[in-house]
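Geometric and topological summary
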Amino acid sequence: MSMQNVNTVLFDLDGTLIDTNDLIIASFTYTLDHYFPGRFQREDILPFIGPPLHDTFHSLDPEKAGEMMAMYREHNHTHHDELLKEYSGVREAVEGLSKAGFQLGIVTTKRSPTTWKGLELTGLKPYFKTVITLDDVEHAKPHPEPLEKAMDALGAVPEHTLMVGDNVHDIEGGKQAGTKTAAVAWSIKGAEALIKEKPDIMLEDMRELLTILEAPVK
């Protein structure tokens, strides 16, 4: 599929631009060990990475979901800065696209405070013209609402937009919103799970976007 007419790139945040997997797994482990001692191993936690916390904890125990979310978030905030890092090549790719005149946005299922904290900490914040978090929408990905909201804010149209993510719901969300889609091979869920969703592109390194999108630095 041709990417020559793409002028807008929307990125998921966790697992795509910044590596929060250790942080997320640690927070889930801490919370689940408290409420369900001995029940969850690391491999059991992997499916919880990506969907909104509310959905995950409600599926486990609707009555205690609020308590579990509070415990998770407290642990997550406390250990945020020590466990968060950006993926190799992300800075160069995002900076290169920005300099070449591409419109860049974030579409994440994270809450607003931790989203901004992560963007500040990694120094990626200046490159993004719009940031759509879970707090900004009624429906999370794979519903198209977050992507549509980001495109509206950027004055973009789906056929000229690329959605980049590490999760099945990023690819589904892109398809529902009518954008082109790119999956990242460094997804903790594994590239195979994403290939099944038939993204238009599979990225081994974020810097490949500069070549694929023919991003000349202006």
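Structure report, in brief.

Rules behind the numbers
Residues numbered from 1 in each chain as written. Predicted model: local features only at pLDDT ≥ 70, side-chain atom pairs only at ≥ 80, totals over all residues. Heavy atoms only, no water. Helix = DSSP H or I, 4+ residues; strand = E, 2+ residues; numbered from the N terminus. Contact = heavy atoms within 4.5 Å. Polar contact = N/O pair within 3.5 Å; in protein donor to acceptor, adjacent residues only side chain to side chain. Phe/Tyr/Trp six-rings, centres within 6.5 Å; stacked < 30°, edge-to-face > 60°. Buried < 20%, exposed > 50% of the residue type's maximum accessible area, 1.4 Å probe, protein only. Pairing = 2+ DSSP bridges. Axes fitted to C-alpha atoms, helices over the stretch in contact; angles between N-to-C directions.

This next bit is on the environment of S27. With respect to the secondary-structure elements, S27 resides in helix α1 (residues 21-35). Sequence-wise, S27 and W116 are 89 residues apart; in three dimensions their C-alpha atoms are separated by 19 Å. Excluding anything up to four places from it in sequence, S27 contacts Y72, H75 and N76. At 2.9 Å, the side chain of S27 forms a polar contact with the side chain of H75.

Moving on, we come to the packing of aromatic side chains. With the rule as written, the count across this model stands at eight aromatic pairs. Ring geometry for F28 versus F57: centroids 5.6 Å apart, planes at 50 degrees, classification tilted. Pair noted here: F28 is in helix α1 and F57 is in helix α3 (residues 53-60), with a separation of 29 residues, a long-range link. What makes F28 buried here is its relative accessible area of 1%. For F57, a relative accessible area of 0% gives the class buried. Taking the centre distance of 5.9 Å and the plane angle of 45 degrees together, the rings of Y87 and W186 count as tilted.

This part is about the sheet that holds strand β7 (residues 180-184). Taken in spatial order, the six strands of this open sheet run β5-β4-β1-β6-β7-β8, and their pairing is parallel. If you trace the sheet from one side to the other, it starts and ends with β5 (130-132) and β8 (201-203), each paired once. The sheet shows a mean angle of 25 degrees between the axes of neighbouring strands, taken without regard to direction. Its contacts with the sheet put helix α8 (residues 168-177) on β6 (161-165) and β7, and the angle it makes with β7 is roughly 175 degrees.

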